[in-house]
Amino acid sequence: MQTFTELKNRGVEDVCTLVCDGLKGLPEAIGQAWPAAVVQTCIVHLLRASFAYVGRQDWAAIANALKPVYTAPTEAAALERFYEFAEVWGAKYPAIVRLWENLWTEFTPFLAFDAEIRRVICSTNAIESVNARIRRAVRARGHFPNEQAALKCVYLAVLALDPTGDGQKRWITLWKAALNAFVRVSQLRILDVWPVGGT
C-alpha cells in the first residue's frame, strides 16, 4: 500500500490492469489505490504453484489437463474445462483444485482478452527478468556518487539485455499482433461510449 501511495503521489493517476504473482494483500492494496484496476494473476505463476503439488510422473498429464482451462475462449468454457480437470484429478491432487478455486476471480480477467493480448499479459516473467538484471548491476556497483550515475548503471544493464540489437527486431514482430488486438479493443470501447450515428 505504501508503494502504491508513493506511485500515486508521483503522478500515476490510473492503472488499467495489474498482473500479479500471488503476493498476499496485493489485490486488496491495488483496489484501495486504484479501484477501477483489473487485477489478474500471472498464469505462469499459477501453473508453477500447481506443479508444486504434483509428482514428477504426472507433470505432463497435469500440464495437458490444465491447458484447456487457461486457453478457453470464454470464462464459461474455462469453468467447464476446470470442472472436467477437477473430476479427473481432484481426488489425487485436491490442493491444485483448491488453489485454482481460491484464485479464480483473479484468473478470469485474463479470459476477457483476445488470444494475441493474452500472450503479452499472461506472465510477469519478462519484467521480473529485467528487474533481476538491474538489481544485479546495482548491487555489483554498491555505491553511486549521484542519481545520474545510478541511472547510467540502470541504462547500461537494460542495454546489456540485447547488446547486438537483434532481439529488438524480434520483439517488434512478436508485438504486432498484440498491438492490432489492443487497437480493436479500444475501438470497440469507443463505439460503446459513442455509438456510430449517435449524438
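Here, the structure is the one placed above.
What counts as what
Residues numbered from 1 in each chain as written. Predicted model: local features only at pLDDT ≥ 70, side-chain atom pairs only at ≥ 80, totals over all residues. Heavy atoms only, no water. Salt bridge = Lys/Arg side-chain N within 4 Å of Asp/Glu carboxyl O. Helix = DSSP H or I, 4+ residues; strand = E, 2+ residues; numbered from the N terminus. Expected span 1.5 Å × (residues − 1). Buried < 20%, exposed > 50% of the residue type's maximum accessible area, 1.4 Å probe, protein only. Arc of directions from axis to C-beta. Contact = heavy atoms within 4.5 Å. Phe/Tyr/Trp six-rings, centres within 6.5 Å; stacked < 30°, edge-to-face > 60°.

Asks: Talk me through the pattern of salt bridges; I want residue IDs and the actual numbers.
Replies: Enumeration according to the criterion identifies four salt bridges in this entry. When salt bridges that share partners are traced, they join E80, R81 and E84 into one network.

Asks: Please give an account of helix α4 (residues 59–70) that cites residues and values.
Replies: For α4, which comprises 12 residues, the first-to-last C-alpha distance of 16 Å matches the rise-based estimate of 16 Å (1.5 Å per residue) to within 8%. Among the residues of α4, those classed as buried are I62, L66, V69 and Y70. In a view along the axis of α4, the buried residues occupy a sector of 75 degrees, so they form one face of it. Those residues of α4 that are exposed and angled more than 90 degrees off the buried face are A60 and N64. Turning to α4, the residues buried within the fold contact α3 (43–51), α5 (75–89), α6 (94–102), α7 (104–107) and α8 (115–121).

Asks: Let's hear about the packing of aromatic side chains: which residues, and what values?
Replies: A complete count under the given rule lists nine aromatic pairs for this structure. Summarising the aromatic geometry, the rings of F4 and W34 are spaced 5.6 Å apart at their centres and angled 65 degrees between planes, so their arrangement reads as edge-to-face. Taken together, the residues F4 in helix α1 (residues 2–9) and W34 in the loop between α2 (26–33) and β2 (38–41) connect sequence positions 30 residues apart. Judged on exposure class, the residue F4 and its partner W34 are both buried. Relative to F107, the ring of W104 has its centre 5.1 Å away and its plane inclined at 55 degrees; by these criteria the two rings are tilted. In this pair, W104 and F107 both sit in helix α7, three residues apart, roughly one turn of the helix. The two residues W104 and F107 agree in class, both being buried. In textbook terms, an aromatic cluster arises when at least three aromatic residues are bridged by ring pairs, as seen for F82, Y83, W100, W104, F107 and F110.

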